[in-house]
Structure formats: structure tokens, C-alpha cells
Amino acid sequence: MASTAQPASSLKRRDAPVTREGDQLTIIPLGAGSEVGRSCCYMTFKGKTVLFDCGIHPAYSGMSALPYFDEIDPSTIDVLLITHFHLDHAASLPYFLEKTTFRGKVYMTHPTKAIYKLLLTDYVKVSKVSVEDMLFDEQDINNSMDRIEVIDYHQTKEVNGIKFWCYTAGHVLGAAMFMVDIAGVRVLYTGDYSREEDRHLQAAEMPEFSPDICIIESTYGVQLHQPRHVREKRFTDVIHTTVSQGGRVLIPAFALGRAQELLLILDEYWSTHKELQNIPIYYASPLARKCMSVYQTYILAMNERIRNQFAHSNPFQFKFIQNLNSIDDFTDSGPCVVMASPGGLQSGLSRQLFDMWCSDKKNSCVIPGYVVEGTLAKTIINEPKEVTLMNGLMAPLNMSVHYISFSAHADYAQTSTFLKELRPPNIVLVHGEANEMGRLKQKLITEFAADGNTKVLTPKNCQSVEMMFNSEKMAKTIGKLAEKTPEVGETVSGILVKKGFTYQIMAPEDLHVFSQLSTANITQRITIPFSGAFGVIKHRLEQIYESVESGTDEESAVPTLLVHKLVTVKQDSEKHISMHWAADPVSDMVSDSVVALVLNISRELPKVVIESEASKTEEENEKRAEKVIYALLVSLFGDVKRDENGKLVISVDGNVAKLDKQSGDVESEHEGLKEKVRTAFRRIQTAVNPIPLPGS
Amino acid sequence: MGTSVQVTPLCGVYNENPLSYLVSIDNFNFLVDCGWNDHFDPSLLEPLSRVASKIDAVLLSYPDTLHLGALPYAMSHLGLSAPIYSTEPVFRLGLLTMYDQYLSRKAVSDFDLFTLDDVDSAFLSITRLTYSQNHHLSGKGEGIVIAPHVAGHLLGGTVWKITKDGEDVIYAVDFNHRKERHLNGIVAESFVRPAVLITEAYNALSNQPPRQKRDREFLDGIVRTLEGGGNVLLPVDTAGRALELILILEEFWAQRNLGYDIFFLTYVASSTIDYVKSFLEWMGDSIAKSFETSRNNAFQLKRVKLLINKMDLDNAPIGPKVVLASMASLEAGFSHDIFVEWASDVRNLVLFTERGQFGTLARMLQADPPPKAVKVTMSKRVPLVGDELVAYEEEQKRLKKEEELKASLLKQEEARASYGPDNTSDPMVIDTTNSHAPPDVAGSRGGGYRDILIDGFVPPSTSVAPMFPFYENNTEWDDFGEVVNPDDYVIKDEDMNQTTLHVGGDIDGKLDEAAASFILDTKPSKVVSNELTVQVKCSLIYMDFEGRSDGRSIKSIIARVAPLKLVLVHGSAEATEHLKQHCLNHVCAHVYAPQIEETVDVTSDLCAYKVQLSEQLMSNVLFKKLGEYEVAWIDAVAGKTENHDMLTLLPTVSKPPPPHKSVLVGDLKMADLKQFLASKGVQVEFAGGGALRCGEYVTLRKVGVASQKGGGSGIQQIVIEGPLCEDYYKIREYLYSQFYLL
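On a predicted model such as this, the values are computed, not experimentally measured, just so you know.

The rules behind the values
- Residues numbered from 1 in each chain as written.
- Chains lettered and ligands numbered in written order.
- Predicted model: local features only at pLDDT ≥ 70, side-chain atom pairs only at ≥ 80, totals over all residues.
- Heavy atoms only, no water.
- Axes fitted to C-alpha atoms, helices over the stretch in contact; angles between N-to-C directions.
- Helix = DSSP H or I, 4+ residues; strand = E, 2+ residues; numbered from the N terminus.
- Left-handed = near helix turned anticlockwise from the far one by under 90°.
- Contact = heavy atoms within 4.5 Å.
- UniProt positions renumbered as here; feature names shortened; annotations may be inferred.
- Pairing = 2+ DSSP bridges.
- Buried area = accessible area lost by both parts, 1.4 Å probe.
- Salt bridge = Lys/Arg side-chain N within 4 Å of Asp/Glu carboxyl O.
- Polar contact = N/O pair within 3.5 Å; in protein donor to acceptor, adjacent residues only side chain to side chain.
- 1 Å grid on protein atoms, 1.4 Å probe; cavity = no way out; pocket = protein on both sides within 12 Å on 5 of 7 lines; lining within 4 Å.
- Points joined across faces, edges and corners; volume = space filled by probe spheres on them.
- Nonpolar A, V, L, I, M, F, W, Y, C, P; charged D, E, K, R; others polar.
- Core = buried A, V, L, I, M, F, W, Y, C linked by side-chain atoms within 4.5 Å.
- Buried < 20%, exposed > 50% of the residue type's maximum accessible area, 1.4 Å probe, protein only.

**Quick look at the packing of helix H6 (residues 211–227) of chain B against helix H7 (residues 241–256) of chain B**
Residues and elements named next belong to chain B.
For step 1, the next point in the chain: Packing of H6 against H7 leaves a shortest axis separation of 11 Å and a crossing angle of 65°. For the pair H6 and H7, the crossing hand works out as right-handed. Together, Phe218, Leu219, Ile222, Val223 and Leu226 of H6 and Leu245, Ile248, Leu249, Phe252 and Trp253 of H7 make up the contact between the two elements.

**Brief notes about the UniProt feature "domain: Beta-Casp" (unreviewed entry) in chain B**
For step 1, the next point in the chain: Following the UniProt record, the feature "domain: Beta-Casp" (unreviewed entry) maps to residues 242–365 of chain B here.
For step 2, the next point in the chain: Across residues 242–365 of chain B one finds 44% helix and 15% strand; the C-alpha atoms that close the span lie 20 Å apart.

**A look at the sheet that holds strand E3 (residues 28–32) of chain B**
For step 1, the next point in the chain: In space, the seven strands of this open sheet follow the order E6-E5-E4-E3-E2-E1-E24 (chain B), with mixed pairing throughout. The open sheet terminates on both sides in strands that have one partner only, identified here as strand E6 (126–129) and strand E24 (600–601) of chain B.

**Considering the interface of chain B and chain A**
For step 1, the next point in the chain: Each side of the interface is counted separately: chain B has 108 residues, and chain A has 105 residues.
For step 2, the next point in the chain: Interface of chain B and chain A: buried area, both sides summed, is about 9700 Å²; carbon and sulfur atoms make up 57% of it.
For step 3, the next point in the chain: Across the chain B-chain A interface, the total number found is six salt bridges.
For step 4, the next point in the chain: Here Glu292 of chain B and Lys113 of chain A are joined by a salt bridge, their closest N and O atoms 3.0 Å apart.
For step 5, the next point in the chain: If you look at where chain B meets chain A, you find 30 residue pairs in polar contact (both at pLDDT 80 or more).
For step 6, the next point in the chain: No other element matches the twelve residues that strand E27 (residues 629–640) of chain B contributes to the side of chain B that touches chain A.
For step 7, the next point in the chain: When strand E24 (residues 491–499) of chain A meets E27 of chain B, the two strands line up antiparallel, connected through nine bridges. When the sheet's bridge partners are listed, Ser493 of chain A is paired in E27 of chain B with Asp635 of chain B.

**Re empty space enclosed by the protein**
For step 1, the next point in the chain: Going through the model one piece at a time under the given rule, you end up with ten cavities of 30 Å³ or more.
For step 2, the next point in the chain: In this structure, the largest cavity is lined by 24 residues; those nearest its centre are Asp64, Leu66, Ala328, Glu354 and Gln357 of chain B.
For step 3, the next point in the chain: Looking at the lining of the largest cavity, its residues break down into seven nonpolar, seven polar and ten charged.
For step 4, the next point in the chain: What the second largest cavity holds in volume is close to 110 Å³.
For step 5, the next point in the chain: Lining the second largest cavity are 14 residues, and of these Glu196, Arg231, Arg258, Phe406 and Ala408 of chain A lie nearest its centre.
For step 6, the next point in the chain: Contributions of two or more residues to the lining of the second largest cavity are made by helix H6 (228–244) and helix H7 (258–272) of chain A.
For step 7, the next point in the chain: Tallied by class, residues from the lining of the second largest cavity come to two nonpolar, five polar and seven charged.

**Points about the nonpolar core**
All names here are of chain B.
For step 1, the next point in the chain: In this structure, Phe218 and Phe339 are the most contacted members of the largest nonpolar core, which totals 250 residues.
For step 2, the next point in the chain: In terms of residue count, helix H4 (residues 88–108) provides more of this core than any other element does, ten residues in total.
For step 3, the next point in the chain: Aside from chain neighbours lying at most four places away, what touches Phe339 is Leu233, Leu330, Val350, Leu361, Leu365, Val374 and Val536.
For step 4, the next point in the chain: By size, the runner-up hydrophobic cluster in this structure holds 57 residues, among which are Val5, Ala57, Ala201 and Leu566.

**Side note on the sheet that holds strand E33 (residues 655–659) of chain A**
All names here are of chain A.
For step 1, the next point in the chain: Spatial ordering of the open sheet is given by E31-E32-E33-E34, a layout of four strands whose pairing is antiparallel. Both outer strands of the open sheet, strand E31 (640–642) and strand E34 (666–668), are each paired with one neighbouring strand and no more. With strand direction ignored, the average angle separating the axes of adjacent strands in the sheet is 25°.
For step 2, the next point in the chain: Here strand E32 (residues 648–652) pairs with E33 via five bridges, running antiparallel. Within the sheet, the bridge partner assigned to Leu648 lies in E33 and is Leu659.

**Brief notes about the side chain of Ser578 of chain A**
Residues and elements named next belong to chain A.
For step 1, the next point in the chain: Take Ser578: it is sitting in strand E30 (residues 576–582).
For step 2, the next point in the chain: What makes Ser578 buried here is its relative accessible area of 3%.
For step 3, the next point in the chain: At a separation of 3.4 Å, a polar atom in the side chain of Ser578 contacts the side chain of Asp572.
For step 4, the next point in the chain: Setting aside its immediate chain neighbours within four residues, Ser578 contacts Ile526, Thr527, Thr568, Val569, Lys570 and Asp572.

Shown next, in the form of C-alpha cells:
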């Protein structure tokens, strides 16, 4: 911390990464960065990595539809969180799970998981691409089901120290906004969300905590939605007028999600308008029919209104809506309402019906949601005179086209109020066309960033956003060590235990109490043949060790010696002595020397006292130590010189530190270097100098 | 010092009475569970009534009578008014259970302890949480986090984790560690080393046969009876274990393709199953998986038929059948009536799947040997006819009149009271004694005008307005004309909610019709009872399908959770004492089993303080990884942080740190060590007394802690002995490699 105060920037860079690397949070959109489609957002912080969403781009096919997975190493990802089942948020999951090195965990909500399987199986069936372009097959989807884990709204999960939970997001059944907490830094990823309650879904919730970063969708940019009831009225009016004039209504809609909302509206409208009840409503999607049971089951993920209705009858058992399996079952006789997929009119049933009906001006087409650039639906919103049919012919576009958006994405008003309440210091915009996003960014900057405390970022795909979070590491000292809170200057020594991102300091004897770790004491006992007099050992030991205490064993009353307060030597019998001690590096060493000594005696060798060794002067010792210290420092820092005062001058990258060998004091302009030299010198000294007695 | 924690049992200790405990955490009072028994004995609730008003929050763990039965009564009669927390299934199934209890009681007695409205209003104040949702309390409970966790046993069953300042208090009763057909088991790993564990001794002495064997016997018993032409009665709870039994039967019937009818008969059977169908998120993995992959909802019942009144059962085709009927205690409900009908036939079978509550008919029948005959009271609610009806109506009329009379008297009284003193001193008032306006007219309309007069003098309450009604049109004007409230012109957002209007928030919307007829039935009726003796000739079997962990598993779970302090509740005195002794010997030194209204203080004697770890210190720390832990030895100097007065730890400057005794960290398992040594080519074998002989001479022993497993253990003591030889040093080296040296 002190090192940041230094202005020396070149060195700061050098030693900063070591300590700071963990404090940098990186966000890289792998998809949906300044575009709509293939949502995928990578985030890493303190060595923990989270991937949000894993979609495909609906306008492309094959590998080019995937997010840029090659930018990252999938094996490093700990958790993958899927917000909802739409293809642009979930469809590359089987590929990612089965064809990459990703080994982490995948989470999604219960309804998302149930619909995901149906939707992707259908997607594999209908996408008519060559085999080599197939990203995955049905088997891959089935395999992926086993690896997906489920999470309920508000449920807190923890994986590798990453805590996360989710909130309702509106949008579609099972849609979630994920809040991720890594070491106290919170990131909210909204996915697609809507703050407006509709017929069956709750509005997106307001998280109870303000996140440090909010990664938010920007599909609708600065646009404003009409109020819901106005849209609903326009919708029902268009349909009512068309069918009462004998026309047909085509509603191209994506099979799942908003379609169910529209069906609820239609079913309700029909039940209150008797005159319409002889006009059929068809819902042409076998897939959606399969998914109906999911809608009928996960009532708890919907709003109060549906739950209350459920008390009487299941609102997803429609009264006026008939299913249509294929165009062959459909007899085109007179007015009707048909809801068919796909929503973009690219192909399939909705396109077939469009081709049949587009030239009759009695008919209408209602486009009920966001349409992706490059699809026919997007083209006809501008009401061109002519359109190209599937068979390549041109036909006049006479049917009336209405664009009434029911797509449950937040508009500007919702986004701005949401952010206003949430107050995140960093806003990252994803999932929006570049232009819309730019406009939203400008508007948000004027609204929030005027005070300079809020950053709004719009990274493109693969462009990384880096942020620093200087998180303070807090530890809790517990147990015996905490009996007295230390005063400033007192030492604290103990075991630092880290689990996830929590630190605890405790005394070794408390380790088993506060963690699942246990400690052990190893007592060693060794017998050595020795037939000499016990006194000889004592005498010899006294020559080497300062502290040799003699005593008698309590049980057998044999004489004992306690060497260096660590090792007990005992005369077991005439022929043997035994030693016992508690395992410890120092005691082991002492015991080894005792063993060597005893063996020496028993070999009856004459005592060879190497006078030269013993008489080695203190000075010589010191000289040698000095040499060693110098050599070690050179190997560590490179440029080490001796100055006139006998101090060592260490220079690294233009920074100079002076080291006093006697006191260990270091002088330097640069805190980081000073700290390093001091640590190095201390360690060298402990290695070079004699071992002090324990407890001294 | 740590957070103060006190536990006071209110009901259900040293016996099998319903559960209800007071847990105070830093003076925030939690009532955990609020149970009652099937007798609805108010005397059981006396301790609760003394503290009801002090309670700050209620936590419910299971949707059965024993865990939440007293809630409506406590809310309506004992002054309990705290917010309540439970999971969604506990809320919904608990509500249905209480409906069923009420209706069963009401059908046979003049039950008046609580009404359906009491039930509704009690349950409406429940806040619903999902599993492992951390709910932060606010206000008085600031800093406390509560989180429900999976407990098994019943759908939505909860182990509560209450956390304050990093210390956990766990309330875990009736849990089940086994996975069942529709439920997951408890995950003991989510509760490691809590400060306090409150658990029960209910099953401490019981042992369960293997599940498969039990299931087979269960099904064999049923099929044998059916083949012999008899009926099978399974007395069950309303919405708890019954679900598991239904799945067992459903599965078996489909497997064998049996044609016998199965009926599930409670007052709320069909709505129970309807709701359960939408609770897939709360069920076990296999159920969720089968729905996700093939959309098969396990509770889309094909064989079991749902009935909500006994008439339908009587009208069912004659022949052997299986009936699951509530209540499990046979004290009331359909099971009681059916038992009386079927008991005298030898061919029939009454199969108890849970231990009956103490003192109930079910418990009596579970005795060994079973009684030959039992006395029962048959009661029936019958509509009044003839003279009785006339008498009733007269009585009603008289009551009504009396009430009216009382009301009018009261009014007059009031009038006189307010009128009396004012009369003379108030010349402005028109002589009110002449005005015969009915008091209610003045009450509803007069109020508004009277305000005009109130300034200066007080008119008597009975007076009509002394002046012609005049409404002051106080519109506001500004520079642009009359001030307009834009809200008046907003198109009301009603369209969507129109349809919901008739739905409203009425909680009992789905109450079955038969049930409704009872509630709505205002037809005069009375209860007719007669005592009769039933010859018990049918076979009686008791099998444990309670879905609770057995004694052995409870002990091992407690050992794994390894609480610092343990409080034992609920369970016979014998079982409580047994478990207490066991835990004292094997788990921890602080085991409490308080009596009713005895407060035990389980405040942890833990000291703790917080420090900041400075960058300088942390950059020099070398962590060693041990499973999910990382450990390091630190020597630091305490210092102050720059801006706030937090303690911070700085590295020791200049002087080398004082040496410390080295610590060996790691958990040594002798068997693992043996394997390891063998892999290194050392001859190893276990000698007597847990010693491990390595090679020819060296012996390794673990002393002192052999009997204590898990967290309760202290420091491991390992002894290595041998003569001076090469092997000794080699083996010592291997032994060291099993530990981390700090």
C-alpha cells in the first residue's frame, strides 16, 4: 500500500504486478459487445473466472455464429451462468461443454433448463446446415443436461470461493439476473431484463445490494416503450378489425417466451368477446406445445397474478387456442389468427403463411417483438412495395404490417431508473447495436457520470475492460490468540488460514477447533546401543551444548539428560540408551548430533579435538558470514557494491538501497525495494547465524 | 466476546410433544417452530403464551401439525404478531394441513380454538424464502442473516441457519440424510463447525432396516391383503409423508400393472396434489431430472385417485382397495371413520407408516401386543331438523333481538352521556330530544358536517346537522386556471387486472367444494356423538416411513457437523439422555438438554477481533494449500491503519521474528499411511493396539485420540519408535511427508 505513494513510476510498474495482479478485474465480451446476438461475457478477478451466457448469433451459421471462444482459455473458467433459454444466450452451451476444455460448473434456473433442452433439440432439427457446419448434435445436448446444475431465485451458491445468486429478470420464464461476489467485489449481469410486470412474469427485481460493476443490456438504447396497455389495445384492435373484415392475421413470433404472453392476451380477449369466439386462433408450434407443460409447472417462477389464478385453474390451459402441427393440417378458409415461428420470417411455417397471405390487403401481419437486422421481418417493417418470396419470385406486399413491440427488454426509462436506484460506479453496456448503444452511453454519461464517479463503458467484442479494485484483506483473529487485543507495536504470531476469501488467524492449538484441519505432534523414540558410562555422554554433551540438565526418570528411576531443552536422553539399560523428543526441525538436528556423539563414544575412538576448528576466531567466522551474505545478495539483486562506510549499496533499475550489515537497517527512496532488501537480508541472516535456543 | 445465544424450549423436550423453542440471539427472539399435537391441547402452549409478545420472528421448518399447528391459535389468541419465515412448500402445504385439521375437527365437534380466517391471516404474514437464500433481517435484527437449507423428511423441510457476525446457529430437527423418491437429503457439509447446533434426539435409539427390504415388506403386506380380499388403510398426514407413499404405490402399481384402486382421501387432497405438481424445484434431483428431460411430472398421478369426501369412497366400486387418509393419529379425520368401519374385518389391514403421537388412538394400536378392542367416539355433524331446528331458529332470533336491544341501549347510553352535560350550556343546539333521526344516520352522514360546528363548542353526538348541508368547493387556482391533477386523466391500468379481480387475493380459492360447503354452510347443524367399542380384528402393522435419519446416522451427522456447543431437544427422556452421553464422549464438551422454560446460555466463549492484513505482510506470506484451505505461519506487528482506527498487521521490521514451535498440519489416517508406505516398498502391517509395524523394527502409533473421530478430536499424538537404523530415518521421512510443516 505504501508503495503506491511513490512517484517512481517505472519501478512501480515493475513490482506492482506481483501484488496487484489479483486486484485487477477484467471483463471481455466474447459476443454481444456492441451487437445483438451470441451473448457471452467473460470476467476474471483474483484468479477466479466467470462466464456469463453462451449464445449464438442468429444471423450467422456454423462456427461463425459462436462467440469468440478462442480469446480465452475455457479450462480456466470456474462457473458459467446462463440467464435465460433464448438461443442468443444459451445455444452455444452444448458446443462449449462438449467440444472445448471447459470443466467448470454451469448454472441456470429450473425453467430455463427444462426449456433449454426442448429448444435446442428443435434448433438442431430445423437448422438445415451441412453436417460439418453443425456445432453439436442431439447427443451433445443430452450430455450437457447432466452437467447443468440448477439454481433457484435468491439461492446463494458458492463455487471455488465465487459466491453468486440470481434475481428475477422479467423478460421470459426463468430469466435471471446474476449477482457475482468475488472477494467482496460484486458484479451484476442483467442478461435481458424488463422492469415492467406483464401478464405472467414479475418485473426484474431491484437487488438489495449495489454492485461495483453492472453489466447491462442496451437493446432498446434510448427508445421508450408505449405503455403496456396501449400496446395491448393496439394489438387486440388490429386483430379485431382484421378478422371482422374477413382477413387473416399472421403473428410471426419466436416459439417461446413472448408468445406465451401474447396467447394469454388473446385467450383473455376472446373470452370477453363472444362475437369472436367462432374465429379460430392457431398456435403453430409443436415445440411450444411441448413447452406448455413447463409453463404449467413452474408457476412459482411467475407473478402473484398467475399464482392466484392457479388457485382456481391453470391459466396456461387455454380455452380458445388450438394447436397446429404443420401447414398440412391447416385449411385456409376465412378469417383466423395464426401465431407461428420463426419470428424473423426467415423460413418455416411463418414464412409459408406470409408468402400465401402477403398480397391480400385484407390480411395483416403483426410483428410483436424485437427483430434482428437482416431478417425479412425487419425488412417489411419499412413496408416496401414488393417482397421476395421463398421461391425467388417477387410479390407485392399488400397486407398491412404492424410493429407492436412486446419484447420484454428494458427501455430507456426503465434502464435509467434501474441504474439510478442501483448506483453502480461502473456500467458496462452489452447486447445492443453499436449506434443505439452509443446514444445510450451519451445519455447515461450526461445523467450519471457528470460527477465523475460513474464510468460507462461500451467494449466491442474481444475488447477487454480492466478495473482496479483495491480490496482490503481483513482477517479475523480468533480463539486463544484473540484473548487479548494487541496494542500497537506488539507482535502477533499464529497460523493464517485462508478459505475462499476469508482469512483467520489462530493459535496452532486452535486449528482443529476453527477449521477442519488438524495438527499433530510426533513423538520420536529411538534406542541406541551404548555400553559406556552415562556420565561420559553427559560430559561430551556439555562441551557442545549450553544447556544439559540431568534428572531421573520418574518411572524407572534411571538417569536422564535433557539436551537443549528438547531432547531427552535416557539410560535404559546397561547396553542401551534411548532418546525421545517431539519432532521439530531443530530437535531433529539436535537429536542427530547426539546420535553422532554417542556413536563416536561407543567406537571408543580417542577424542579428537580439532583445535584449529575450535580456535577459529570470532572474526574469521564473521568474515565468512559476510562473504556469504554478499554473495547471496549479489545473486538476488545483481548490482551490489560496498561503500566507504562498510554499507552495501544495492541498485536496481536506478533505485538505490543502502544496507547496514550490522543493524540490518535499510535506507532507500523506494519503499518496495527497501522492503525486499530487508526481507532478503533477514532471511539470509537467519540462515547464516547460529540457531538460538527455543524460547529465548 | 461473541454473539450471545440463549435457547429456551417452550414445548417438546424429554418427550415427543410438538416442537417449539425460543432462540434469542443478541436479544432478538426467534421462535423456531410453533407446533401443536392432534389433541389441540391448549395447556401445551402455556409456555408460549408467556413469551408470545416478545417474539421478533418465527421460523417454521416443516409443514405438519407438530411444527406449525399452533400458529393460527398463537396469532389469534396469544398475541404472537412477529413476521414469519418459511419456504414456499411449508407455507402452502402447511396451510392445507391446517385446513384439513380444521375441517376434520369441525366435522365431528364444535371446534372453536381457531377459525379458517385465523388460519388464513396467520399464513398470509409468512415471508417465503428459497433454500440457501441469505435473508438479511433489518431493524432490531440488523446484522442477523437467516437461511433455510434442505432438510429432507417433508417437502420444503428446512434446516435453519442463523448467522450473526460469522457465528452460525443451526436448528436441525427431523432431518433425513437419505435421498428419497421425491426429496433430497440434508447436506451436512453446508454446516461446518457452527457455534451452536440445536438438534433432536427423537430417533437416537431407533434403527432402520435397509430401505429396499422395508419397501418390499411394505408392498408385500399391502398386496397380500388385497389378494386376500381385504382393504388397506394407511393413516397419513395431510401433505407430508403421504407424498412419498403415493409415489411408492404409484411406481409399484405401474410396475406390476395392478388393478386395485388407490385413494388419497383428505379434505384438501386434490389441491394438495395440484400444488405439489408445481413444486418440482423443491424436490429431489431425480424428479427434477425426469421433468427436465422428458417432462414427466412424477405427481401427474395415474393410479392414485384423489377424493375429498367420504361419500365418494363409499360410492367407489366394491372390492379390495388401498386408502391413504388423514389424520395419521386416527384421532379425527377420515382415517378415524374408516378405521372404525374396517377394524372388525380380519381381512383388512391398517398399516401405520409413522409412530403415532403420544396418547392417540394410533399409538395405542401400535402397542405390542395390540389391544383387542378399543373405545372410540363416533361423531357426526347433522343438520338440525324438526323441533330442534325450530328451537335453534327461535334461539337465533332471540339472540339477534337481544343484540339489537343491547346495541340500541348502548347508543342511548352514549347519547345520554354526551348529551347530558352539554345540554344546558349549549344554546345553539336545536332541541335534539325531539329529533327522532336514527342514530346511524347521524353517524354516517353527520360526521362530516359536524366538523364545521366543532370549533368553539361541541354539539351532542345525536344531533343532526344544524344547517343545510353545504359542500365547499375548494378548487385551487393558479396562473393557468384550475389546478389539474394529471392522475385523474391517466388511463387506469386496469385491463390486465380485471380478470384477477374476481380472483382477488383470496387464499383459500382452491379449497375443495366439500370443504367449502362446510365453511359456507350456515345451515344449522349439530354434532351427534356416541361412544362405541370397536373389536380390532384386522391386522395392524407399523413400519417406519417417517423419513428421518436413524440413530446411527444422527450421531455421525452430528460428529461431522462438529458444533462447538450442542443443544438437544425433542425425543423421549431416554433417547435424549443417550444422545447427550454419546455426544459428550465423542463430539464436544458442551452438550445441553434443557427442560421446558429452562434457559440455557450457549453464548460462545470465543474471543475474536478483526485486523487488516497489510500488503507488505501479505506479499511475504507463502501459503501452503491443504484441500480447500491455505495455511501459512505469520509473524506480524500490530499497527494502526492510516485513516480509521482499525488494527492492521505489518511485517516485523529489522529483527528476525522470534522462533516458534513448529506445527505439523494434516490429518493422518493410519490406513492411508499404511497404503502409502506399502507403495514405497516398506513392509507394513497392523500390530495389536492400533500400532503399525513398519519394516522389522520401527513401530508407529497414534495415541489418545483413536476413539474420537471428526472435529471433536484434539491434537493428534503420533509416536514413532525404533532402534537406530536406516529404516527409522526413512520411515520418519515418509511420515513427515504426510504433514505440512509450518
